[in-house]
Amino acid sequence: MYRILIILISLAVSSRVQAQQNRAIEFPDVPGYYTLACDLHMHTVFSDGSVWPNIRVQEAHRDGLDAIAITDHLEYQPHRHDIPNPDRNRAFDVAVNSNGDHPLIVIPGSEITRSMPPGHANAIFITDANALVAPVGEEAIDAREVFEEVARQGGFAFWNHPAWTSQRSDGVAVLENMHRELIDADLLHGIEVVNQFTYSDEALEIALANNLAIIGTSDIHGLVDWDFEVAQGGHRPVTLVLAEERTAEGIHEGLRARRTIAWHRNTLIGRESEIVPLINASITVAGAEFRGGTSILEVQLENHSDARFILRNTSEWTFHEDIDILEVSPHTTTTFSLKTLEQETPYLISFEVMNAITAPNTHPEITLTVTTND
Ligand SMILES: [Zn+2]
Ligand SMILES: [Zn+2]
């Protein structure tokens, strides 16, 4: 009796440990592309963060990320009396060294830290962060010239937290003339629609209207585990980049081609051209059969992703058990039953995907083709 109790307790403990360890951010690849989870905005003690760069690397390993960019502030150096930081490439170099042979891709980056406009922007894939900032005590470089230097270095620039309340007290992102000019000159290529804890409808509209990459980032300063409550099932926001190859160049090309999806809380945010293939790769039909002697079809859906999909039935059939909303938990098989009314197979079952958006208040639709096993 006691032995059984001990076994039961140890099973319960080990399954809890497993749940805690299964923190990797996982989405399936889509036809033609790898789906790479990237966090392209984070801080260390080399600006106003609280950790050494190796901790950012270790957090990324634990989260199963494919790529990170450490983007310390160029113009904001509150720790400079303790860490003078004369070489702005140093945080990247420390991160690369601590990464060792791990497949995590570490991308060089910096945060251009200006008042609005242009506000803050990340420059990634740069070759020398030192060229983006004036030496201490000297007059700041004109903001536009910094973006031009990023372009000379072949870098990719995106607008950070455009709805940040320290620069927009109403929390509404507004595209100003300087942003328009940067976009027109191909000096600004993306925008954070998700930053840390916040999402911006207006930023998504700006992204869609100006063909900018849709970006989601953690902007982590402290610890990912604490800020995003990973032990309670939370995760940091990331950008899923659809890349032709699992390399830094592949990610850069994917960003330039705007093949991105932001993953925030339980929501996917992106263009239909990326989001629909990702949902179709995430939810597949594992099987379907009629309940003995009836025309009620039981359909098994397999979810290969971290998303808890919330699907609203828009097909011509009604469900037998669920109302019109179906929840498909991450990494499980979910069964629902459909009243087919003896129509012929295959059944094209359409759903509105409520936990994904392609524009403010706009959810994508998917269609599952279901055929019976017999
Ligand atoms: Zn910032
Ligand atoms: Zn930041």
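Procedures and definitions
- Residues numbered from 1 in each chain as written.
- Chains lettered and ligands numbered in written order.
- Predicted model: local features only at pLDDT ≥ 70, side-chain atom pairs only at ≥ 80, totals over all residues.
- Heavy atoms only, no water.
- 1 Å grid on protein atoms, 1.4 Å probe; cavity = no way out; pocket = protein on both sides within 12 Å on 5 of 7 lines; lining within 4 Å.
- Points joined across faces, edges and corners; volume = space filled by probe spheres on them.
- Helix = DSSP H or I, 4+ residues; strand = E, 2+ residues; numbered from the N terminus.
- Nonpolar A, V, L, I, M, F, W, Y, C, P; charged D, E, K, R; others polar.
- Donors = N, O, S within 2.8 Å, 3.2 Å for Na, K, Ca; no water.
- Tetrahedral: all angles 85-135°; square planar, octahedral: opposite > 155°, others 65-115°.
- Axes fitted to C-alpha atoms, helices over the stretch in contact; angles between N-to-C directions.
- Parallel < 35°, antiparallel > 145°, perpendicular 65-115°, else oblique.
- Left-handed = near helix turned anticlockwise from the far one by under 90°.
- Contact = heavy atoms within 4.5 Å.
- Pairing = 2+ DSSP bridges.
- Buried < 20%, exposed > 50% of the residue type's maximum accessible area, 1.4 Å probe, protein only.
- Domains from an automatic or database assignment.
- Buried area = accessible area lost by both parts, 1.4 Å probe.
- Salt bridge = Lys/Arg side-chain N within 4 Å of Asp/Glu carboxyl O.

Some points on empty space enclosed by the protein
For the structure on display, the rule yields one cavity of 30 Å³ or more. Considering only enclosed or pocket space, the largest cavity measures out at about 50 Å³ in volume. Along the walls of the largest cavity sit H161, P162, A163, W164, E192, V193, V194, N195, T198, Y199 and S200, which together make up its complete lining. Breaking the lining of the largest cavity down by element, the ones donating at least two residues are β6 (190–195) and β7 (198–199). Considering each element in turn, the lining of the largest cavity owes the most residues, four residues, to β6. Looking at the lining of the largest cavity, its residues break down into six nonpolar, four polar and one charged.

Re the coordination of the zinc ion (ligand 2)
Within the protein, the zinc ion (ligand 2) binds to H41 (NE2), H43 (NE2), E111 (OE) and D219 (OD); these donor distances fall in the range 2.0 to 2.4 Å. Around the zinc ion (ligand 2), the four donor atoms sit at angles spanning 80 to 164 degrees, and that spread fits a shape best called irregular. Taken in chain order, the donor set of the zinc ion (ligand 2) reads H-x1-H-x67-E-x107-D. The two metals, the zinc ion (ligand 2) and the zinc ion (ligand 1), are separated by 3.5 Å and share E111 as a common coordinating residue. Residue E111 is located in strand β3 (residues 105–113), and its partner D219 is located in the loop between β8 (213–217) and α7 (224–227); the two are separated by 108 residues in the primary sequence.

Examining the packing of helix α2 (residues 53–62) against helix α3 (residues 90–99)
Interaxial distance between α2 and α3 falls to 8 Å at its minimum, and their mutual angle equals 50 degrees. On the basis of the axis angle, α2 is oblique to α3. Note on packing geometry: the crossing formed by α2 with α3 is right-handed. Taking contact as the criterion, the partners of P53, N54, V57 and H61 in α2 are, on α3, A91, V94, A95, S98 and N99.

A few points about the coordination of the zinc ion (ligand 1)
The protein atoms donating to the zinc ion (ligand 1) are E111 (OE), H120 (ND1) and H161 (NE2), with metal-donor distances spanning 2.0 to 2.2 Å. As a motif over one chain, the donors of the zinc ion (ligand 1) read E-x8-H-x40-H.

Brief notes about the sheet that holds strand β12 (residues 283–290)
What the three strands build is an open sheet, ordered β12-β13-β16; its pairing is antiparallel. Only two strands of the sheet have a single partner each, and these edge strands are β12 and β16 (333–339). Ignoring strand direction, the axes of neighbouring strands in this sheet form an average angle of 25 degrees. Relative to strand β13 (residues 296–303), β12 runs antiparallel, the two sharing seven bridges. Paired with G287 across the bridge in β13 is Q300. Where helix α9 (residues 272–282) meets the sheet, its contacts fall on β12 and β13, and the angle it forms with β12 comes to roughly 50 degrees.

As for the environment of A143
Mapped onto the elements, A143 comes out in helix α4 (residues 143–152). Exposure remark for A143: the relative accessible area of 9% places this residue in the buried category. For the pair A143 and N303, spaced 160 residues apart in sequence, the C-alpha to C-alpha distance is 46 Å. Once residues within four sequence positions are removed from consideration, A143 is found in contact with R114 and P118.

Considering unusual backbone geometry
Note the cis peptide between M116 and P117, where omega equals -15 degrees. Geometrically, the link from P117 to P118 is a cis peptide bond, its omega value of 5 degrees lying close to zero. By the element assignment, P118 lies in the loop between β3 and β4 (120–124). Of note in this structure, R258 is not a glycine but carries a positive phi near 65 degrees. By the secondary structure assignment, R258 is in the loop between α8 (248–256) and β10 (260–264).

Overview of the domain arrangement of the protein
Taken domain by domain, the protein comprises domain 1 (24–265) and domain 2 (278–370). Taking only C-alpha atoms into account, the centre of domain 1 sits 36 Å from that of domain 2. Opposite the 16 residues of domain 1 that make contact, domain 2 presents twelve residues. Summed over both partners, the interface of domain 1 with domain 2 comes to about 1,100 Å²; 73% of that surface belongs to carbon and sulfur atoms. Along the contact surface separating domain 1 from domain 2 lie zero salt bridges.

As for the pairing of strand β14 (residues 309–313)
Burial along β14 is one-sided: F309, L311 and N313 are buried, and none of I310 and R312, which face the opposite way, are. Here β14 runs beside strand β15 (residues 325–328); their pairing, made up of four bridges, is antiparallel. Paired with R312 across the bridge in β15 is I325. In terms of strand pairing, β14 meets strand β17 (residues 347–353) through three bridges, oriented antiparallel. Within β17, the position partnered with R312 by the bridge is E352.

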